[in-house]
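Residue-level listing of the chains:
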Amino acid sequence: MAGVVSMRHQSGPGRASQGKTEPAPVRWALITIALAFLGLFLVMPLVLVFTYAFNRGLGVYFAALTEPDAMAAIRLTLITAAICVPLNTVFGVCAAWSIAKFEFRGKNLLITLIDMPFAISPIIAGLIFVLLFGARGWFGPWLIDNNIRIIFATPGIVLATMFVTFPFVARELIPLMQAQGTDEEQSALTLGASGWQMFWRVTLPNVKWGLIYGVILCNARAMGEFGAVSVVSGHIRGLTNTMPLHIEVLYNDYQFTASFAVASLLALLALVTLVVKSVVEWKGAREHAQAVREAESEQS
Amino acid sequence: MAFRFRQPSVLPGFGLTMGFTLFYMALLVLIPLGGMVLFTTRMSFDDFWSSAVTDPRVVAAYKVSFGASMIGASINAVFGFILAWVLVRYEFPGRRIVDSIVDLPFALPTAVSGIALTTLYAHTGWIGRWFDMVGIKVAYAWPGIVIALTLIGLPFVVRTLQPAMEDLEVELEEASASLGASRWQTFRRVILPTVLPALLTGFALAFARAVGEFGSVYFIAGNMPYRTEIAPLLILIRLEQFDYLGATAIGVVMLVVSFVMLLIINVLQWWSRRFQA
């Protein structure tokens, strides 16, 4: 459901003037409470991941990442993301183009349907594919007769991950493209551009930062998905374990250092995602300010 | 005027992009979800009722899921409000960084936050040992579930409240103050009613996300049937027992709850838009 909330939001500087704000002691008390809450719930777990990952030295850390099962898990995670992210990106661009640039009946219903995977438990995301392709599912007997494995194999993992990360790119692009309107595209067409030229030279450059953030977030979720994948994977070590599932196996084996070592990779990915988000917002704000300046200088 | 599906436009590509959008969504989302709903036709209504609604273990799991989600979302409503207020109204060192960190639960895989929280709150952990000294068990118990669900819900409340707080008209607060209201009265009578729709939306989003959450809870809950077992986990357990029908029955109930929450959230958003207009 993350997409229901605009993720491209950043507060401007505090703007309340003196006199009608809270007295200084209240202000500092509130800031302290907010920071303490954030530290307790978000920063401490993050610090703990890296502390435990490195607490027996770099040698143990890298040994945990390079042992065969870990390598297999990393490879499967990369393969999954390499299939899911491009497909969901193509879908996101198509959905955003048709929804943001055209007016048609049932648009709100379509947006709600696109949001659905956000609202559904990841366990259900796995369950629906087991009911379709599992041994006792709708297509199970046919798949067994033809010796095709989807559940407890890579295709099932890819499908479940695609379902969970389905809305991310679309939800980033739709509000952005809606805000930009269709004037620039219409000008390009009037000046003789073909449809593809218009898309590559006008639309895509306009939304590139939002697109980049959508893709990065989609990728982070694809690599980190746990619930949906644990339903369809079957936990076969070295074969159908993704990184999050490998973390679980190691953790339940009391191999805490190795478990946190693999976890630290995903935590790093999350941090990179946040940095990219900040850069995208900064770039977006700068380009917006520049556009406003240009518009003002044209008027004067 | 004749029925027209789409307003005319000079822009190309509507047929292609809309066609692909519907095709992809039908294949990946609608048909699989429909398959699950259809699966319930394989059981009688009584079977469905007894495995999804009256089974005591399932009822206990619903109570844990909905109860802990409710408490987690309430904690987020209070602290998320303070956090959003501090980020929108005050200037302090590191504000930009704090603002970015709020999104961490969106990006951090739940398995990672799960093992980190469990280690943190276990009776030997950095925080858990202090609770252990006063005899409170956090990890592998009910409070642990609440903590995990609080973590994943936080950004929803903060990110929904921030725009609403930025849109607050400072003039109203000035008017209230000049008419002799104390700051607390201004907050209760002017600020809170204006941001209430956004606060409720954020609460509903955090609650909906928490009800479906699996990864982080799975590690910290201890997963004891009737006591710390959440509904999504019970679906997984039913599947591992090859009880597809039992899993489907719980899944459909959870799906209906998700739809109702989606509906409530849409109504709340419509309400808050009307408020701002």
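Quick look at the structure, then. (Residues numbered from 1 in each chain as written. Chains lettered and ligands numbered in written order. Predicted model: local features only at pLDDT ≥ 70, side-chain atom pairs only at ≥ 80, totals over all residues. Heavy atoms only, no water.)

## Quick notes on the overall build of chain A
Counting secondary structure elements, chain A contains 13 helices and zero strands. Going from the N terminus to the C terminus, chain A shows its helices and strands as α-α-α-α-α-α-α-α-α-α-α-α-α. Dimensions of chain A along its principal axes, counting C-alpha atoms only, are 70 × 60 × 35 Å. By sequence separation, contacts in chain A at least 24 residues apart represent 73% of the contacts at least 6 residues apart. Positive and negative side-chain charges in chain A, numbering 20 and 18 respectively, have mean positions lying 2 Å apart. (Helix = DSSP H or I, 4+ residues; strand = E, 2+ residues; numbered from the N terminus. Contact = heavy atoms within 4.5 Å. Lys, Arg positive; Asp, Glu negative; His and termini not counted. Charge placed at Lys NZ, Arg CZ, Asp CG, Glu CD.)

## A short note on the interface of chain B and chain A
Size of an interface, as often reported, equals the accessible area lost when the parts are brought together. With 109 residues of chain B in contact, the opposing surface of chain A contributes 108 residues. In total, about 9900 Å² of surface goes out of reach between chain B and chain A, with carbon and sulfur atoms giving 76% of it. The closest approach of N and O atoms between B:Arg183 and A:Glu22, which form a salt bridge, is 2.7 Å. Counting every contact that joins chain B to chain A gives 16 residue pairs in polar contact (both at pLDDT 80 or more). Sorting elements by how many residues they give to the side of chain B that touches chain A places helix α1 (residues 14-39) of chain B first, with 17 residues. A per-class count over the side of chain B that touches chain A returns 73 nonpolar, 21 polar and 15 charged. (Buried area = accessible area lost by both parts, 1.4 Å probe. Salt bridge = Lys/Arg side-chain N within 4 Å of Asp/Glu carboxyl O. Polar contact = N/O pair within 3.5 Å; in protein donor to acceptor, adjacent residues only side chain to side chain. Nonpolar A, V, L, I, M, F, W, Y, C, P; charged D, E, K, R; others polar.)

## With respect to the packing of aromatic side chains
For the coordinates displayed, the defined rule picks out 35 aromatic pairs over all chains. With 4.5 Å between their ring centres and 5 degrees between their planes, A:Phe37 and B:Phe79 make a pair best called stacked. Taken as a pair, A:Phe37 in helix α1 (residues 24-54) and B:Phe79 in helix α3 (residues 56-89) lie in two separate chains rather than in one. Owing to a relative accessible area of 7%, A:Phe37 belongs among the buried residues under this scheme. (Phe/Tyr/Trp six-rings, centres within 6.5 Å; stacked < 30°, edge-to-face > 60°. Buried < 20%, exposed > 50% of the residue type's maximum accessible area, 1.4 Å probe, protein only.)

## Remarks on the packing of helix α9 (residues 183-190) of chain A against helix α10 (residues 195-224) of chain A
All names here are of chain A. Contact geometry for α9 and α10: axes closest at 10 Å, N-to-C directions at 160 degrees. When the axes of α9 and α10 are compared, the pair comes out roughly antiparallel. Seen from above, α9 lies across α10 with right-handed handedness. Between α9 and α10, the residues in contact are Glu184, Glu185, Ala188 and Leu189 and Met198, Val202, Thr203 and Asn206, respectively. Looking at the contact of α9 with α10 residue by residue, the classes come out as four nonpolar, two polar and two charged. (Axes fitted to C-alpha atoms, helices over the stretch in contact; angles between N-to-C directions. Parallel < 35°, antiparallel > 145°, perpendicular 65-115°, else oblique. Left-handed = near helix turned anticlockwise from the far one by under 90°.)

## Observations regarding a nonpolar patch on the surface
On the surface, a nonpolar cluster with roughly 570 Å² of combined accessible area is contributed by B:Trp130, B:Phe131, B:Met133, B:Val134 and B:Ile136. With respect to the secondary-structure elements, B:Phe131 resides in helix α7 (residues 128-133). (Patch = residues over 30% accessible without salt bridge, like charges linked within 9 Å, V, L, I, M, F, W, Y side chains within 5 Å. Areas by Shrake-Rupley, 256 points an atom, 1.4 Å probe, with all protein chains shown as cover.)

## What about the side chain of A:Thr161?
Residue and element names in this part refer to chain A. Among the structural elements, Thr161 can be located in helix α7 (residues 154-165). Among the polar contacts listed, one links the side chain of Thr161 to the backbone oxygen of Ile157, at a separation of 2.7 Å. With near-sequence residues (within four places) excluded, Thr161 lies in contact with Thr80, Cys84, Ala222 and Val229.

## A few points about the environment of B:Ile250
Residues and elements named next belong to chain B. Tracing the backbone shows Ile250 in helix α13 (residues 244-276). Exposure remark for Ile250: the relative accessible area of 0% places this residue in the buried category. Ignoring sequence-local partners within four residues, the contact set of Ile250 consists of Ser51, Ala52, Val58, Tyr62, Ala231, Leu234, Ile235 and Arg238.

## A short note on unusual backbone geometry
Residues and elements named next belong to chain A. Phi at Phe152 takes a positive value of approximately 65 degrees, unusual for a residue other than glycine. Structurally, Phe152 is set in the loop between α6 (140-145) and α7. On the basis of relative accessible area, Phe152 is assigned to the partly exposed category, the value being 34%.

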